[in-house]
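Coordinate analysis (summary)
Residues per chain, in single letters:
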Amino acid sequence: MNLRELVSALNDFASPALAESWDNVGLLVEPSPPHTVNTLFLTNDLTEEVMEEAVQKKADLVLSYHPPIFTPLKRVTWKTWKERLVVRALENRIGIYSPHTAYDAIPHGVNNWLTKGLGACTSVPLHPSTAPSSPAEGTHRVEFCADAEHLDAVLSKIKDIPEISCLTTLPARVEGEEQTRVSLNCSQKALLEVVALLSQNSHLHHKTEILLLQKPLLPHTGMGRLCTLSEPVSLSDIIERIKGHLQLPHVRVAVGAGRTLESPVKKAALCAGSGSSVLKGTEADLYLTGEMSHHDVLDAVANGISVILCEHSNTERGFLSELRDALAIHLQNKINIIVSEKDRDPLQVA
């Protein structure tokens, strides 16, 4: 596939608009066009060892879940390892694409894969995503009626206000009088100016309606998951299930105050990677994530919530095999898709 065609297909699989605003997702490194992709190489982290593997396996595009370029690069030299990744990629005509939190949000993404470690359960996003785009422009809709005496003057002043859109007028009958119904969309900033203008005329002010325009929530899409198990399970059994799902010999566990390893778990809140900000304040029996700060763990335990930490990328990496199969279907088996064998969590128990 042509690279641009493939990037479009990857964006259809998980819209970059679903990623968090702080994230850096999409095509990060692009060889000069035209660039044909025969082999797509999947990894959780793009390290120098993984890049060498991609070169050896003649990859044309690396899909790295974590973006190897996050903070801006001021230069591209051989001095730092992230700069060397870019140099190696371009020298070998390898593109780099990163989905990161877009894959966290989608229904068929990383967090849904992580829920499978709990056993039979239902789940909903902790922080639902809104539709990336909506037909309505602006944040508010303002509607008011005006008679012929005031209409032209008001419309003239409104048209001078920036960030006004969808301005329409329709005939209306108010209290037996022929008037004009004016409707407009505006930004939060413009709303203040519109209201100030209308407030100058009490006749208009009393007939003004202001509606908040909200983008619709996307079903089953968003950050984190709150999972309700079909049957309560002891914390010790949940630990074993998670270790099996993630293929880990051990995890770190903090038992909630007043709880034991035999205490039942009915509700579990989870977030792949670093979950403190997503999980905080959620009522559950258990928090499952890769890493949390010491003080956030203390807060959870004090509130009677047990915590299981598996290390950051261990809660993400296993998704790659599932992703390979899903992308093969999505891309109609047009390209070869392989998963890195060198990608691994940097931490180990010594």
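Scoring rules and cut-offs
- Residues numbered from 1 in each chain as written.
- Predicted model: local features only at pLDDT ≥ 70, side-chain atom pairs only at ≥ 80, totals over all residues.
- Heavy atoms only, no water.
- Phe/Tyr/Trp six-rings, centres within 6.5 Å; stacked < 30°, edge-to-face > 60°.
- Core = buried A, V, L, I, M, F, W, Y, C linked by side-chain atoms within 4.5 Å.
- Buried < 20%, exposed > 50% of the residue type's maximum accessible area, 1.4 Å probe, protein only.
- Domains from an automatic or database assignment.
- Contact = heavy atoms within 4.5 Å.
- Helix = DSSP H or I, 4+ residues; strand = E, 2+ residues; numbered from the N terminus.
- Expected span 1.5 Å × (residues − 1).
- Arc of directions from axis to C-beta.
- Axes fitted to C-alpha atoms, helices over the stretch in contact; angles between N-to-C directions.
- Left-handed = near helix turned anticlockwise from the far one by under 90°.
- Nonpolar A, V, L, I, M, F, W, Y, C, P; charged D, E, K, R; others polar.
- Pairing = 2+ DSSP bridges.
- Parallel < 35°, antiparallel > 145°, perpendicular 65-115°, else oblique.

So, about the packing of aromatic side chains. Counted under the stated rule, the structure contains three aromatic pairs. Among the aromatic residues, ring-to-ring pairing joins Phe13, Tyr103 and Phe319 into one connected group.

A word on the nonpolar core. Counting residues in hydrophobic clusters, the biggest one holds 68 residues, and the most contacted among them are Tyr103, Ile308 and Leu327. Residue-level mapping places this core at the junction of two domains, with at least three residues from each of domain 1 (3-103 + 316-339) and domain 2 (106-129 + 220-309). The residues contacting leucine 327, other than those within four sequence positions of it, are Leu10, Phe13, Leu40, Leu42, Leu63, Tyr103 and Ile337.

Our focus in this paragraph is helix α9 (residues 235-246). It helps to recall that an α-helix has 3.6 residues per turn; residues three or four apart then point in one direction. For α9, with 12 residues, the first-to-last C-alpha span of 16 Å sits near the 16 Å given by 1.5 Å per residue. Those residues of α9 that sit buried are Leu235, Ser236, Ile238, Ile239, Ile242, Lys243 and Leu246. On an axial view of α9, the arc spanned by its buried residues comes to 160°, and they lie on one face. For α9, the elements touching its buried residues are α5 (110-115), β10 (217-234), β11 (252-254), β12 (264-274), β13 (286-291) and β14 (306-309). Phi for glutamine 247, located one or two positions after α9, is positive at around 55°.

So, on to the packing of helix α1 (residues 3-13) against helix α12 (residues 319-330). Where α1 meets α12, the axes come as close as 11 Å, and the angle between the chain directions of the two elements is 115°. Where α1 crosses over α12, the handedness of that crossing is right-handed. Judged by residue contacts, Ala9, Leu10, Asp12 and Phe13 of α1 engage Leu323, Ala326, Leu327 and His330 from α12. Class assignment for the residues of the contact of α1 with α12 results in six nonpolar, one polar and one charged.

Moving on to the sheet that holds strand β4 (residues 95-98). Strands in a sheet are paired, the pairing made by backbone hydrogen bonds, and the direction either parallel or antiparallel. Read from one edge to the other, the open sheet built from five strands follows the order β1-β4-β3-β2-β15, with strand pairing classed as mixed. Strands at the two margins of the open sheet, each flanked by one partner only, are β1 (26-29) and β15 (336-339). Each strand axis lies, on average, 25° off the axis of its neighbour in the sheet, ignoring direction. Its contacts with the sheet place α12 against β2 (39-43), β3 (61-64) and β15, and it is angled at close to 150° to β2.

Let us look at the sheet that holds strand β6 (residues 140-146). An order of β7-β8-β6-β9 is seen for the four strands of this open sheet, with the pairing classed as antiparallel. The sheet is open, and its two edges are formed by β7 (164-174) and β9 (209-212), each paired on a single side. With strand direction ignored, the average angle separating the axes of adjacent strands in the sheet is 15°. Where β6 and β9 come together, four bridges link them in antiparallel fashion.

This next bit is on the domain arrangement of the protein. Domain annotation of the protein identifies domain 1 (3-103 + 316-339), domain 2 (106-129 + 220-309) and domain 3 (140-212). Using C-alpha coordinates to define each centre, domain 2 is positioned 50 Å away from domain 3.

Relative placement of two packed helices is described by the angle separating their axes and the distance separating the axes. Their axes nearest at 10 Å, the elements helix α2 (residues 48-56) and helix α3 (residues 81-91) cross at an angle of 5°. Classified by the angle their axes make, α2 and α3 are roughly parallel. Between α2, through Glu48, Met51, Glu52 and Val55, and α3, the contact on the second element is made entirely by Trp81, Arg84, Leu85, Arg88 and Ala89. By residue class, the composition of the contact of α2 with α3 is five nonpolar, no polar and four charged.

Note that aspartate 285 resides in the loop between α10 (276-279) and β13. Classification of aspartate 285 as buried rests on a relative accessible area of 17%. Residue contacts for aspartate 285: discarding those within four places in its chain leaves Arg259, Pro264, Val265, Lys266, Lys267, Gly304, Ile305 and Ser306.

With that settled, the discussion passes to the pairing of β6. The element β6 is extensively covered by neighbouring structure, given that six of its seven residues are classed as buried. Here β6 runs beside strand β8 (residues 177-186); their pairing, made up of seven bridges, is antiparallel. Bridging across to β8, valine 142 finds its partner in leucine 184.

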